[in-house]
Every structure is written in C-alpha cells, then in structure tokens.
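If you want the building blocks of each chain, they are given just below.
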Amino acid sequence: ETAVFQTPNYHVTQVGNEVSFNCKQTLGHDTMYWYKQDSKKLLKIMFSYNNKQLIVNETVPRRFSPQSSDKAHLNLRIKSVEPEDSAVYLCASSWGQDTQYFGPGTRLLVL
Amino acid sequence: AQSVTQPDARVTVSEGASLQLRCKYSSSVTPYLFWYVQYPRQGLQLLLKYYSGDPVVQGVNGFEAEFSKSNSSFHLRKASVHWSDSAVYFCAVRNYAQGLTFGLGTRVSVFP
C-alpha cells in the first residue's frame, strides 16, 4: 500500500525551464528525503529534511532546492533545468533514522 | 565515509533455483543495513533490514540476509525464486543524517 505519493509521474521540459515536483507522505514520519536515480540506476541522496534541519549533499547543484510546507510534504524545485537533470527523482520518508519508505518516483526528461 | 559494493551487476537464474546476491559494506561503526527491491518503473520496496542481534534476518517473500562483521558483508538469499522476483536489488547502508548510501544494484532475471 502506497503511503508516499509523488506527482507528476512523468515530466518533459526544455533546458532552462523551472520545474517542481511534489511529495506527500501519510505515515506520520518526521523526516523526508529526495534521491536522484540516473539512467544507470545509480541512487544518490540529494536532501534530507526534518523540522529542525536541512542537510544538503554537497554535490547537488544550487539550482535544486527543497520546499516544505509541513512535515508531511517535501517538494523539489529545479530553477533552470539542464540535460543532466534527466533522471528519476525518488522521495522517501522515515521516523528519525529508522527505515525509509519510498514513493514511486517522478521521471524527468529534459530536451 | 560509508560505501556499499554489489559486485554482480546482473544475475540470471532459473525459476525454482536458489539465489544469492552479494553485498559488501565499508563503515567505521556498526552499520544499519538494508536490502530494497525495485520493480520496473516503480519505487523501492524494503525487503529486510539489520540493526543488531541475530545475524540472519528474515524478510518478505521468502528472502533472508546474513550479516557478517568479519567479512563486512550482508548477502541476500532466497531458496527458490519465482519469475516475479525479476527486478533490481539494492543493498544500502544508513549514513547518519545523510540518508542511505546505495550500491549500484544487481539486476536479477528469472527464466522459466
């Protein structure tokens, strides 16, 4: 049963555009994450966030930013997309450092 | 820094045969370890996890894994695979406050 929801499923855009992806969890967790999965299936953490602290992977370009309205939502904004941003973006949530539960992902294609 | 190595990029097995997927980790402290599975065009689903205690942990769908501190390993096993086990399997270690560090994954293909 899905408890981490992501929209949209798929998004196609052009270089330089701004995009925003949504993530909502209904598990009552206090920590949320964004991961990037490239075409070779390599998974890398981008951000982890709870109501106290945002931790950014130092390799993430500045055009990426997380946005949270409450602890159940963590959106991902890309200010000006580049071709290398084409990937699947996976949202996850956890209670503290416990098990992470993943959403189905948002597939981004940058033309 | 913590890291995970999955040495086998692809594994092919016949339906009904046993399966073992290898995972080696590097960590300066006792790690929290996970196995996730990813079916085509889906997110990651947790198979099992190890925090402490009995080194053999049971997971969903008949999967189990064995933790070995001496070998720095956390291998995944299943006694008899089904065609529906075809997927990509990821081993991961919890990197405190930085989310999970994943291996590159092992693609499993089960043939009838």
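The text that follows walks through the structure, step by step, so that each part is easy to find. (Residues numbered from 1 in each chain as written. Chains lettered and ligands numbered in written order. Predicted model: local features only at pLDDT ≥ 70, side-chain atom pairs only at ≥ 80, totals over all residues. Heavy atoms only, no water.)

**Quick look at the overall build of chain B**
1) Next: Looking only at helices and strands, chain B features zero helices and twelve strands.
2) Next: Of the regular secondary structure in chain B, the N- to C-terminal order runs β-β-β-β-β-β-β-β-β-β-β-β.
3) Next: In terms of C-alpha radius of gyration, chain B reaches 13 Å, essentially the compact-globule figure of 13 Å for 112 residues.
4) Next: Taking the principal axes of the C-alpha coordinates as reference, chain B spans close to 40 × 30 × 20 Å.
5) Next: Counting the 112 residues in chain B, one finds 45% classified as buried.
6) Next: Working note: accessible area of chain B is about 5500 Å², and carbon and sulfur atoms make up 50% of it.
7) Next: For chain B, the separation between the mean place of its 10 positive charges and that of its 6 negative charges on side chains is 10 Å. (Helix = DSSP H or I, 4+ residues; strand = E, 2+ residues; numbered from the N terminus. Rg over C-alpha atoms; globule rule 2.2 N^0.38 Å. Buried < 20%, exposed > 50% of the residue type's maximum accessible area, 1.4 Å probe, protein only. Areas by Shrake-Rupley, 256 points an atom, 1.4 Å probe, with all protein chains shown as cover. Lys, Arg positive; Asp, Glu negative; His and termini not counted. Charge placed at Lys NZ, Arg CZ, Asp CG, Glu CD.)

**Details of the state of the cysteines**
Residue and element names in this part refer to chain B.
1) Next: One pass over the full model with this rule turns up two disulfides over all chains.
2) Next: Here Cys-23 engages in a disulfide with Cys-91; their sulfurs sit 2.0 Å apart. Sign of the S-S torsion, about -65° for the bond between Cys-23 and Cys-91, identifies this disulfide as left-handed. In this pair, Cys-23 sits in the loop between strand E3 (19-21) and strand E4 (24-26) while Cys-91 sits in strand E10 (residues 87-94), placing the two residues 68 residues apart along the sequence. Each member of the pair, Cys-23 together with Cys-91, is buried. (Disulfide = S-S within 2.5 Å.)

**Structural notes on the interface of chain A and chain B**
1) Next: Facing the 18 residues of chain A at the interface are 20 residues of chain B.
2) Next: Both sides together, the interface formed by chain A and chain B hides about 1800 Å², and carbon and sulfur atoms give 54% of it.
3) Next: Looking only at chain A, the three residues that lose the most surface to chain B are Lys-41, Leu-43 and Gln-97 of chain A, adding up to 32% of its buried area.
4) Next: For Asp-98 of chain A, the salt bridge goes to Lys-49 of chain B, with nearest N and O atoms at 3.5 Å.
5) Next: Our count for the contact surface shared by chain A and chain B stands at seven residue pairs in polar contact (both at pLDDT 80 or more).
6) Next: Contributions of two or more residues to the side of chain A that touches chain B are made by strand E4 (31-37) and strand E5 (43-50) of chain A.
7) Next: Considering only residue class, the side of chain A that touches chain B consists of nine nonpolar, six polar and three charged. (Contact = heavy atoms within 4.5 Å. Buried area = accessible area lost by both parts, 1.4 Å probe. Salt bridge = Lys/Arg side-chain N within 4 Å of Asp/Glu carboxyl O. Polar contact = N/O pair within 3.5 Å; in protein donor to acceptor, adjacent residues only side chain to side chain. Nonpolar A, V, L, I, M, F, W, Y, C, P; charged D, E, K, R; others polar.)

**Here's the deal with the packing of aromatic side chains**
1) Next: Considering all chains together, one arrives at 16 aromatic pairs over all chains under this definition.
2) Next: Between Phe-34 of chain B and Tyr-51 of chain B, the aromatic rings sit 6.0 Å apart at their centres with planes inclined by 80°, giving edge-to-face as the arrangement. Pair noted here: Phe-34 of chain B is in strand E5 (residues 33-38) and Tyr-51 of chain B is in the loop between strand E6 (44-50) and strand E7 (56-58), with a separation of 17 residues, a long-range link.
3) Next: An aromatic cluster of three or more residues is present, and its members are Tyr-33, Tyr-35 and Phe-102 of chain A together with Tyr-32, Phe-34, Tyr-36, Tyr-51, Phe-90 and Phe-102 of chain B. (Phe/Tyr/Trp six-rings, centres within 6.5 Å; stacked < 30°, edge-to-face > 60°.)

**What about the environment of Lys-24 of chain A?**
All names here are of chain A.
1) Next: Counting through the fold element by element, Lys-24 comes out in strand E3 (residues 19-25).
2) Next: A C-alpha to C-alpha distance of 14 Å links Lys-24 and Gln-100, two positions 76 residues apart in sequence.
3) Next: If sequence neighbours within four positions are ignored, Lys-24 has contacts with Ala-3, Val-4, Phe-5, Ala-72 and His-73.

**Focus: the pattern of salt bridges**
Residue and element names in this part refer to chain A.
1) Next: Enumeration over the complete set of coordinates arrives at eight salt bridges over all chains.
2) Next: Measuring nitrogen to oxygen at the nearest pair gives 3.7 Å for the salt bridge that ties Arg-63 to Glu-84. Taken together, the residues Arg-63 in the loop between strand E6 (54-56) and strand E7 (64-67) and Glu-84 in the loop between strand E8 (75-78) and strand E9 (87-94) connect sequence positions 21 residues apart.
3) Next: Put simply, Arg-63, Glu-84 and Asp-85 are held in one network by salt bridges that share partners.

**Description of a nonpolar patch on the surface**
1) Next: The grouping of Tyr-10, Val-12, Leu-109 and Leu-111 of chain A at the surface amounts to a nonpolar patch, some 370 Å² of accessible area in total.
2) Next: Structurally, Tyr-10 of chain A can be placed in strand E2 (residues 10-13). (Patch = residues over 30% accessible without salt bridge, like charges linked within 9 Å, V, L, I, M, F, W, Y side chains within 5 Å.)

**Quick notes on the nonpolar core**
1) Next: In terms of nonpolar packing, the biggest core is built from 27 residues, with Trp-35, Leu-48, Phe-74, Leu-76 and Tyr-89 of chain B touching the most fellow members.
2) Next: Within the residue set of this core, elements represented by two or more residues are strand E2 (10-14), E3, E5, E6, strand E8 (63-68), strand E9 (73-78), E10 and strand E12 (106-111) of chain B.
3) Next: Counting 19 residues, the second largest nonpolar core, distinct from the first, contains Val-19, Phe-21, Val-81 and Leu-108 of chain A. (Core = buried A, V, L, I, M, F, W, Y, C linked by side-chain atoms within 4.5 Å.)

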